[in-house]
Amino acid sequence: MSDVEHTLSIIKPDAVERNLEKNIKKIFFDKGFKIVNEKKIQIEKNEAERFYKVHETKPFYNDLCSYLSSGPIIVMVLEKKNAVLDNRKLMGATNPKDADEGTIRAKYGISIDKNSVHGSDSVENAKIEIDFFFKD
Ligand code: CMP
């Protein structure tokens, strides 16, 4: 079976600050995800800029990078069949006000910036993002 995938999930500063780590992990466990690697870290703004480089031309890039480096985050490697797409569905729309009921962002997101979680958007980017945080 080759359809087991890995994806990168980040619990962002707004959710860590509100002690939502356990609640969010429970949502992943209940949907059959395994956390196969994780760490709690705080990154520098220049690291956030490298991580979000794909957004560097966007008007929100500077605020986004300041925000991701503003406090502790939890980075996790999630494992599951179809992990990338299933995690995207479970997170909900980027803007919590557009997120479907039952999704993590609908439940916990505060705003489009403080949307509680990040998840890789493709299998290819998942590999890049996992390496970014876990390749030493
Ligand atoms: P994330 O999935 O981590 O990927 C990039 C982040 O940029 C996104 O979540 C949002 O938190 C943030 N962001 C801020 N403004 C926008 C916007 N207008 N469109 C998309 N993402 C935005």
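Structural data are supplied above this passage.
Quantities reported herein were computed from a predicted structural model and do not represent experimental measurements. (Residues numbered from 1 in each chain as written. Predicted model: local features only at pLDDT ≥ 70, side-chain atom pairs only at ≥ 80, totals over all residues. Heavy atoms only, no water.)

Draft legend 1. A look at the site of the ligand. By nearness alone, every residue bordering the ligand is listed as Lys12, Tyr52, His55, Phe60, Leu64, Thr94, Arg105, Ile112, Asp113, Asn115 and His118. In this structure, an oxygen atom belonging to the ligand sits 2.6 Å away from a side-chain N or O atom of Tyr52. Within the side chain of Arg105, one N or O atom sits 3.2 Å away from an oxygen atom of the ligand. Relative to its unbound accessible area of 450 Å², the ligand is 78% covered by the protein chains. Judged by the fraction of its atoms near the pocket grid, the ligand is located in the largest pocket. Residue composition of the shell around the ligand, grouped by class: four nonpolar, four polar and three charged. (Near = heavy atom within 4 Å. Polar contact = N/O pair within 3.5 Å; in protein donor to acceptor, adjacent residues only side chain to side chain. Areas by Shrake-Rupley, 256 points an atom, 1.4 Å probe, with all protein chains shown as cover. 1 Å grid on protein atoms, 1.4 Å probe; cavity = no way out; pocket = protein on both sides within 12 Å on 5 of 7 lines; lining within 4 Å. Sits in = over half its atoms within 2 Å of the grid points. Nonpolar A, V, L, I, M, F, W, Y, C, P; charged D, E, K, R; others polar.)

Draft legend 2. Expanded view of the layout of surface pockets. Approximately 570 Å³ is the volume found for the largest pocket. Together, 24 residues line the largest pocket, and Tyr52, Val54, His55, Leu64 and His118 are the ones closest to its centre. Listed by contribution, the elements that provide at least two residues to the lining of the largest pocket are helix H3 (45-51), helix H5 (83-91), strand S4 (117-119) and helix H7 (123-134). At four residues, H7 tops the list of elements feeding residues into the lining of the largest pocket. Of the residues belonging to the lining of the largest pocket, the class tally is nine nonpolar, seven polar and eight charged. (Points joined across faces, edges and corners; volume = space filled by probe spheres on them. Helix = DSSP H or I, 4+ residues; strand = E, 2+ residues; numbered from the N terminus.)

Draft legend 3. Fine view of the nonpolar core. Residues Ile11, Ile24, Phe28 and Ile104 are the most contacted members of the largest nonpolar core, which totals 17 residues. Counting residues per element, the ones that place at least two in this core are helix H1 (13-17), helix H2 (21-30), strand S3 (73-81), H5 and helix H6 (104-108). Look past the residues within four positions of Ile24 in its chain and what remains in contact with it is Ile11, Ala15, Ile104, Tyr108 and Val117. Membership of the second largest hydrophobic core comes to 16 residues, among which are Ile43, Phe51, Val75 and Phe134. (Core = buried A, V, L, I, M, F, W, Y, C linked by side-chain atoms within 4.5 Å. Buried < 20%, exposed > 50% of the residue type's maximum accessible area, 1.4 Å probe, protein only. Contact = heavy atoms within 4.5 Å.)

Draft legend 4. Representation of the pattern of salt bridges in the model. Counted by the stated rule, this structure contains eight salt bridges. The salt bridge involving Lys26 is made with Asp30; its shortest N-O contact spans 2.7 Å. Taken together, the positions of Lys26 and Asp30, both in helix H2 and four residues apart, correspond to about one turn of that helix. Of the charged contacts, one joins Lys34 and Glu79 as a salt bridge, the two residues approaching to 3.7 Å between their closest N and O atoms. Remark: Glu79 occurs in strand S3 and Lys34 occurs in strand S2 (residues 34-41); sequence separation between them is 45 residues. Sharing partners across several salt bridges, the network here consists of Glu21, Lys25 and Glu38. (Salt bridge = Lys/Arg side-chain N within 4 Å of Asp/Glu carboxyl O.)

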